[in-house]
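# Descriptive analysis of the structure
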Amino acid sequence: MLNFKCLALLFFMFVTSQTMYSQLGFSHEIGVIAGPVEFRSDFGSRNEEATNLGNSGIGIGLIHYISFAYTADCNCYSTDTYFNDHFKLRSEISYNYTRLDHHGFWVAPDKTSVEADKLRAHSGAAENFDIGMQLEYFPLSIRSFQAFAYRIAPFVSLGVHYTSYNPKASTRYNNPNPDVYGDIYDQSNLYPFWFDAYNAGEAPYPINVDGGSTWSVVSSVGVRYKLGILSDLMLDLRWQYYFSDWIDGFDHNWRNYDRKNDWLVWLNFGYVYYLD
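Residue indices follow the written sequence of each chain, beginning from 1 at its first position. Only residues with pLDDT of at least 70 get local features here, since the model is predicted, and only at 80 or more are side-chain atom pairs given and counted; chain-wide, interface and lining totals rely on the full set of residues. Hydrogens and water are ignored here; the side-chain numbers use all heavy atoms of the structure.

As annotated in an unreviewed UniProt entry, the protein chain carries the name Glutamate dehydrogenase and comes from Aestuariibaculum suncheonense.

### Notes on the environment of Arg120
Definition in use: Only DSSP runs of H or I with at least four residues qualify as helices, and only runs of E with at least two residues qualify as strands; both kinds are numbered from the N terminus onward. When a residue's accessible area, from a 1.4 Å probe over protein chains only, is under 20% of the maximum for its type it is buried; when over 50% it is exposed; and in between it is partly exposed. Note on contacts: a residue pair qualifies if any of its non-hydrogen atoms lie within 4.5 Å across the two residues.
Among the structural elements, Arg120 can be located in helix H4 (residues 114–121). Under the relative-accessibility criterion, Arg120 is labelled partly exposed at 29%. Spatially, the C-alpha atoms of Arg120 and His102 are 6.2 Å apart, while their sequence positions differ by 18 residues. Look past the residues within four positions of Arg120 in its chain and what remains in contact with it is Val107, Ala108, Pro109, Lys111 and Arg172.

### What about the environment of Gly212?
Assignment of secondary structure puts Gly212 in strand E8 (residues 212–228). Spatially, the C-alpha atoms of Gly212 and Tyr165 are 5.5 Å apart, while their sequence positions differ by 47 residues.

### Considerations on the pattern of salt bridges
Defined as follows: In the sections that follow, a salt bridge refers to a side-chain nitrogen of Lys or Arg positioned within 4 Å of a carboxyl oxygen of Asp or Glu.
Taken as a whole and assessed by the stated rule, the structure comprises 13 salt bridges. Residue Asp232 pairs with Lys226 through a salt bridge whose shortest N-O separation is 2.9 Å. Here the two residues Asp232 and Lys226 agree in accessibility, since each one is buried. When salt bridges that share partners are traced, they join Glu29, Lys88, Arg224, Lys226 and Asp232 into one network.

### Focus on the nonpolar core
Basically, it comes down to this: Only buried Ala, Val, Leu, Ile, Met, Phe, Trp, Tyr and Cys residues count toward a nonpolar core, and they belong to the same one when joined by side-chain atoms within 4.5 Å.
Judged by nonpolar contacts, the single largest core of 33 residues is most densely connected at Phe39, Ile63, Leu190, Trp194, Ile207, Met234 and Leu264. Examining the composition of this core, we find that four residues originate from one element, strand E10 (residues 263–274), more than from any other.

### Considerations on the packing of aromatic side chains
Convention followed: Any two of the Phe, Tyr and Trp rings considered here, Trp counted by its six-membered ring, make a pair once their centres fall within 6.5 Å; the pair's planes then place it as stacked at under 30 degrees, edge-to-face at over 60, or tilted in between. Over a ring means this: the NZ of a Lys or the CZ of an Arg is within 6 Å of the ring centre and within 35 degrees of the ring normal.
The final tally for this structure, using the stated rule, is 19 aromatic pairs. Ring geometry for Tyr185 against Tyr205: centres 5.5 Å apart, planes inclined by 35 degrees, an arrangement best described as tilted. You can see Tyr185 sitting in the loop between strand E7 (168–171) and helix H6 (196–199) and its partner Tyr205 sitting in the loop between H6 and E8, a full 20 residues away along the chain. A relative accessible area of 42% places Tyr185 in the partly exposed class. Its guanidinium or amino end placed over the ring of Phe105, Lys111 lies 4.0 Å from that ring's centre, counting from NZ or CZ. Over the ring of Tyr65 we find Arg224; its NZ or CZ atom is 4.4 Å from the centre of that ring.

### Re unusual backbone geometry
With a phi angle near 65 degrees, Phe148 is a residue other than glycine that sits in the positive phi range. Mapped onto the fold, Phe148 is located in the loop between helix H5 (142–146) and strand E6 (152–165). According to the relative accessible area criterion, Phe148 is partly exposed, its value standing at 35%.

### Section: empty space enclosed by the protein
Empty pockets left among the atoms are what a rolling probe the size of a water molecule brings to light. Rule in force here: As defined here, a cavity is a set of points on a 1 Å grid over the protein atoms alone where a 1.4 Å probe fits but cannot get out. A pocket is an open set with protein on both sides within 12 Å along at least five of seven lines, and residues line them when an atom is within 4 Å of a point. Grid points are joined across faces, edges and corners, and a volume is the space filled by probe spheres set on the points. Under this grouping Gly is polar, as are all residues other than the nonpolar Ala, Val, Leu, Ile, Met, Phe, Trp, Tyr, Cys and Pro and the charged Asp, Glu, Lys and Arg.
By the definition in use, this model includes two cavities of 30 Å³ or more. Around the second largest cavity, the lining residues are Lys88, Phe138, Leu140, Ser141, Ile142, Phe145, Tyr150, Ala153, Arg224 and Asp232. Classifying every residue of the lining of the second largest cavity by side-chain character gives six nonpolar, one polar and three charged.

### Let's talk about the pairing of strand E5 (residues 122–137)
Within a regular beta strand, the side chains point alternately toward one face of the sheet and then the other, so they alternate between its two faces. Let me state the cut-off plainly: The pairing criterion for strands is at least two bridges between them, as found by DSSP.
E5 sits mainly inside the fold: 12 of its 16 residues count as buried. The pairing of strand E4 (residues 87–101) with E5 spans 15 bridges and is antiparallel. By the bridge assignment, Arg99 is partnered in E5 with Ala125. Of the pairings in the sheet, the one linking E5 to E6 comprises 10 bridges and is antiparallel in character. Pairing of Gly132 across the sheet is with His161, part of E6.

Here it is as structure tokens:
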């Protein structure tokens, strides 16, 4: 409940900021984005392609742009400055979901131990709601692009998002003790080496699906294609790094395989419409 209260507060701040920019007369664009997500977490080993490709999901979002190059009040260009002609402010509300499993070396077919069986049986999911802003930089002139001087306009962006996360966790391990079958909080169902630090009092229990909220830094590189006077197609490759390692509901401290915070790569396709 606290997560959604914070999200609602940020949404209110988001709407307020857009209203303020509207009062200044800048033009607006709205759009939708969707595409595949690769979620990099504590499941599997980070540098194995089997993990990176296997733990893929989907993301969708609504986006809004403030364009400083054009003034809606008078249907004319704004003051001709470098900033106005090369930057846009992007606001976004998005959602991504990824089912997570262990892939790669430790669960390969030749691994026939009880420990490997416990890894194979452990699953999870990362479910995140995002709201935030990015400043997009266009090396080419935004005005020239709008006037069809060229059809393609590359861009890069950097920003900050607030994330409300709600992870899932489960196990299908066939425990000889039927009373603890499926219990994700019973150590006998999980990979035993994850509990070395926990049992020594040096780390929390490696599973936590209570959910929470955190901030993240977002950077992307992309391109727009001028479809019509009032519409563009967009291709955007995003990197998003969370300031938490609990986004997937899982944080083990075993050796040096997974000590980094969670992050994702999102390739999204979008459609942008110019309101004014």
